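# Inside the fold
As a plain string of letters, each chain reads:
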Amino acid sequence: MSAAPVPLGSGGKELSKPPTDGISNLRFSNHSDHLLVSSWDKTVRLYDANANVLKGEFLHGGPVLDCCFHDDSSGFSACADNTVRRYVFGSGKEDILGRHDAPVRCVEYSYAAGQVITGSWDKTLKCWDVRGASGPEHTLVGTYPQPERVYSLSLVGNKLVVATAGRHINVYDLRNMSQPEQRRESSLKYQTRCVRCYPNGTGYALSSVEGRVAMEFFDMSEAAQTKKYAFKCHRKSENGRDIVYPVNAMAFHPIYGTFATGGCDGYVNVWDGINKKRLYQYSKYPTSISALSFSRDGRLLAVASSYTFEEGDIPHEPDAIFIRSVNEVEVKPKPKTVPAPS
């Protein structure tokens, strides 16, 4: 990636009434500027990000490791007490969709399949039909063994990418989950932290604990595979020594297909993956970036500034959520300049 000087932007406005412990994820709705936030403080919180209002809070039996929307009126959570839960925001009603045999690390809702997909440290993926009968296990569509603990999931259309411990990557077609379409190994040498599919459905980005991101493609033809590459990020040089930070979070811009990365260095960078350039760097946040999400129209970016205990239990800044208004210059790819004919 090109390391040309990049403009710095301010952090954005801070949401009031943030979680009181680590923020595991945050997600904008596909229908509004509502923001769903999961936390180690055993809550899922619903905010109106524009109005800076906490609209609802749901308490769990353990830390909440992930959350996602169903629609604007309901959502799902993945909990360390092994449960997968559904909430109806307006009524405060909740029920348990089902359980894993270990903490549930990831949850995604597929609009294409009408199913909830969960990944757990029990080394399985489960699919749930939320339209089925309520109550534990009635909604279970299938259980799919994985090579290791599930760390991250991402969906685009009918494609599902599963990243596990041991640097395994499984790519599924949701219409035929009997076995992965592709079994891969991460091209990065160190543990996977996050996987996110490209909005155009051609591949996925993968980040690691060792300050790198890999850009991968589903098409296994030689021509397509020559386009894949990896780049270093979220690093600094100090006294001639390279200090490397985990890349915890990635989010793709829904309009331009550029993407933001967030690291344990407290920085958020925006990248143009096609032209291999860094477009922007926001001014440093108080602590590690644990999660990122663009709003449906790409005009807002939610940033979780939340210490991820990479240096153990030490004093750290309070957990906070910042909402940035995104300017086009920060996320729009710059046209390649063609030298004038001599």
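Residues numbered from 1 in each chain as written. Predicted model: local features only at pLDDT ≥ 70, side-chain atom pairs only at ≥ 80, totals over all residues. Heavy atoms only, no water.

### As for the sheet that holds strand E13 (residues 124-129)
With respect to topology, four strands assemble into an open sheet ordered E11-E12-E13-E14, the strand pairing being antiparallel. If you trace the sheet from one side to the other, it starts and ends with strand E11 (104-110) and strand E14 (140-145), each paired once. Shown here is a sheet whose adjacent strand axes are inclined to one another by a mean of 15°, direction ignored. By the bridge criterion, five bridges tie E13 to E14 in an arrangement that is antiparallel. Looking across to E14, one finds that Leu125 is bridged to Tyr144. (Pairing = 2+ DSSP bridges. Helix = DSSP H or I, 4+ residues; strand = E, 2+ residues; numbered from the N terminus. Axes fitted to C-alpha atoms, helices over the stretch in contact; angles between N-to-C directions.)

### Some details on the pattern of salt bridges
Note that side chains of opposite charge can pair when their charged atoms are close. Under the counting rule described, the total for this entry stands at 19 salt bridges. When the shortest N-O distance is used, the salt bridge between Glu57 and Arg45 registers 3.6 Å. One end of the pair, Glu57, is in strand E6 (residues 53-59); the other, Arg45, is in strand E5 (residues 43-48), with 12 residues separating them in the sequence. Taking the relative accessible area as the measure of exposure, Arg45 reaches 6% and is therefore buried. Of the charged contacts, one joins Asp242 and Arg235 as a salt bridge, the two residues approaching to 3.3 Å between their closest N and O atoms. Here the residues in one salt-bridge network are Glu210, Arg212, Arg235 and Asp242, joined through shared partners. (Salt bridge = Lys/Arg side-chain N within 4 Å of Asp/Glu carboxyl O. Buried < 20%, exposed > 50% of the residue type's maximum accessible area, 1.4 Å probe, protein only.)

### Concerning the UniProt feature "repeat: WD" (unreviewed entry) in the protein chain
Under the UniProt annotation, the feature "repeat: WD" (unreviewed entry) is placed at residues 97-131 and 247-272. In residues 97-131, helix accounts for 0% and strand for 63%; the two terminal C-alpha atoms are 11 Å from one another. The span residues 247-272 carries 0% helix and 62% strand; its end-to-end C-alpha distance comes to 17 Å. (UniProt positions renumbered as here; feature names shortened; annotations may be inferred.)

### Let's talk about the sheet that holds strand E22 (residues 229-232)
Each strand in a sheet pairs with its neighbour through backbone hydrogen bonds, running either in the same direction (parallel) or in the opposite one (antiparallel). Taken together, the four strands give an open sheet; going across it, the order is E19-E20-E21-E22, and neighbouring strands pair in antiparallel fashion. A strand with exactly one partner marks an edge of an open sheet, and here the two such strands are strand E19 (192-197) and E22. The average undirected angle you get between the axes of adjacent strands in this sheet is 20°. Here strand E21 (residues 212-217) pairs with E22 via four bridges, running antiparallel. Paired with Met215 across the strands is Tyr229, a residue of E22.

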